[in-house]
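Residue-level structure breakdown
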Amino acid sequence: GIQVEQSPPDLILQEGANSTLRCNFSDSVNNLQWFHQNPWGQLINLFYIPSGTKQNGRLSATTVATERYSLLYISSSQTTDSGVYFCAVFSGGYNKLIFGAGTRLAVHP
Amino acid sequence: SAVISQKPSRDICQRGTSLTIQCQVDSQVTMMFWYRQQPGQSLTLIATANQGSEATYESGFVIDKFPISRPNLTFSTLTVSNMSPEDSSIYLCSVGGPTEQYFGPGTRLTVT
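Scope of this entry: the structure provided in the associated data block. Because the structure is predicted, anything quoted here is derived from the model rather than measured.

Right, let's talk about the interface of chain B and chain A for a bit. Contacts between the two partners involve 20 residues from chain B and, on the opposite side, 20 residues from chain A. With both chains or domains summed, chain B and chain A bury close to 1,600 Å², and 54% of this area falls on carbon and sulfur atoms. Taken together, the connections running from chain B to chain A amount to 1 salt bridge. Among the salt bridges present, the one from Lys96 of chain A reaches Glu58 of chain B, with a minimum N-O distance of 2.5 Å. On the surface where chain B and chain A come into contact, there are 8 residue pairs in polar contact (both at pLDDT 80 or more). For the side of chain B that touches chain A, the secondary structure elements donating two or more residues are strand 4 (31-37) and strand 10 (101-103) of chain B. Among the residues forming the side of chain B that touches chain A, the class breakdown is 9 nonpolar, 8 polar and 3 charged.

Given below as structure tokens:
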């Protein structure tokens, strides 16, 4: 089945810093999503990004499907960015989302 | 988009008891998904629930332990049966498909 790997597993930033999170996947996919889970457990859909680049405020994401990776950029980080960031791909064969292990981000003031 | 609510938001239960978690969606959906997230871990799919048919369980999850009901297109329940401390997790329901998935706020379960 599809394998999804994320790096780094943990990241600590000072407020205002920039960061890049990476997601590698083992097979060709066309439906990669990024999620943010806040410290209270709520999962929010950030991007659906099968290929190309999208931006939403201080967040942007790029997926290079041919090379099987996606990047999530966080600029000018804020304490509210803390939490866990997951990437996930939808396996049509199994009709389910397959999640990576996540990157745990802590932004300190 | 979809707005999903779950009840209860959290609970502390004794081992050997059962807890039923409710999931309500603000629109009709064909499939609903139930996930478990153990402490510090990623999400693991428990089962997919279609209205009018039995749920489809993932490897490692069985109906006797996690019975699911799906009485209509906006509602589902997940029961965690005969609980043990290893069942302490966040349980989330979700809806959506290949391009977007939406999650409920989760039920944080602690088993003592």
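Here the narrative resumes.
So, about the side chain of Gln37 of chain B. Among the structural elements, Gln37 of chain B can be located in strand 4. From its side chain, Gln37 of chain B meets the backbone oxygen of Gln41 of chain B in a polar contact 3.0 Å long. Setting aside anything within four residues of it in sequence, one finds Gln37 of chain B in contact with Gln37 and Phe86 of chain A together with Ser42, Leu43, Ser89, Ile90 and Leu92 of chain B.

Next up on the list: the state of the cysteines. As enumerated under the stated definition, the model contains 2 disulfides over all chains in all. The partner cysteine of Cys23 of chain A in its disulfide is Cys87 of chain A, sulfur to sulfur 2.0 Å. One quick way to see it: the torsion about the S-S bond of Cys23 of chain A and Cys87 of chain A is about 80 degrees, and its sign makes the bridge right-handed. With Cys23 of chain A in strand 3 (residues 19-25) and Cys87 of chain A in strand 9 (residues 83-91), this residue pair connects regions lying 64 residues apart in the sequence. The same class applies to Cys23 of chain A as to Cys87 of chain A, namely buried. A sulfur-sulfur distance of 2.0 Å marks the disulfide that ties Cys23 of chain B to Cys93 of chain B. Residues Cys23 of chain B and Cys93 of chain B share a disulfide whose torsion about the S-S bond is about 75 degrees; that sign makes it right-handed. On the criterion of sequence distance, the pair formed by Cys23 of chain B in strand 3 (residues 19-25) and Cys93 of chain B in strand 9 (residues 89-96) is long-range, its members being 70 residues apart. Note on accessibility: Cys23 of chain B and Cys93 of chain B belong to one class, buried. Residue Cys13 of chain B stays outside any disulfide, its sulfur separated by 17 Å from that of Cys93 of chain B, the closest cysteine.

All names here are of chain B. Inspection of the secondary structure assignment puts Thr112 in the segment after strand 11 (107-111). According to the relative accessible area criterion, Thr112 is partly exposed, its value standing at 48%. Each C-alpha atom, one on Thr112 and one on Phe66, is 19 Å from the other, the two residues being 46 residues apart in sequence. Apart from residues no more than four positions distant in its own chain, Thr112 is found in contact with Ile12, Cys13, Gln14 and Arg15.

Residues and elements named next belong to chain A. One open sheet accounts for 5 strands, arranged 1-3-8-7-6; its pairing is antiparallel. Strand pairing shows two members of the sheet lacking a second neighbour, strand 1 (4-7) and strand 6 (52-56), which therefore form its edges. For this sheet, the mean angle separating the axes of adjacent strands, direction not counted, is 15 degrees. Taken together, the 4 bridges between strand 1 and strand 3 define a ladder with antiparallel strand orientation.

Cut-off values and rules
- Residues numbered from 1 in each chain as written.
- Chains lettered and ligands numbered in written order.
- Predicted model: local features only at pLDDT ≥ 70, side-chain atom pairs only at ≥ 80, totals over all residues.
- Heavy atoms only, no water.
- Contact = heavy atoms within 4.5 Å.
- Buried area = accessible area lost by both parts, 1.4 Å probe.
- Salt bridge = Lys/Arg side-chain N within 4 Å of Asp/Glu carboxyl O.
- Polar contact = N/O pair within 3.5 Å; in protein donor to acceptor, adjacent residues only side chain to side chain.
- Helix = DSSP H or I, 4+ residues; strand = E, 2+ residues; numbered from the N terminus.
- Nonpolar A, V, L, I, M, F, W, Y, C, P; charged D, E, K, R; others polar.
- Disulfide = S-S within 2.5 Å.
- Buried < 20%, exposed > 50% of the residue type's maximum accessible area, 1.4 Å probe, protein only.
- Pairing = 2+ DSSP bridges.
- Axes fitted to C-alpha atoms, helices over the stretch in contact; angles between N-to-C directions.

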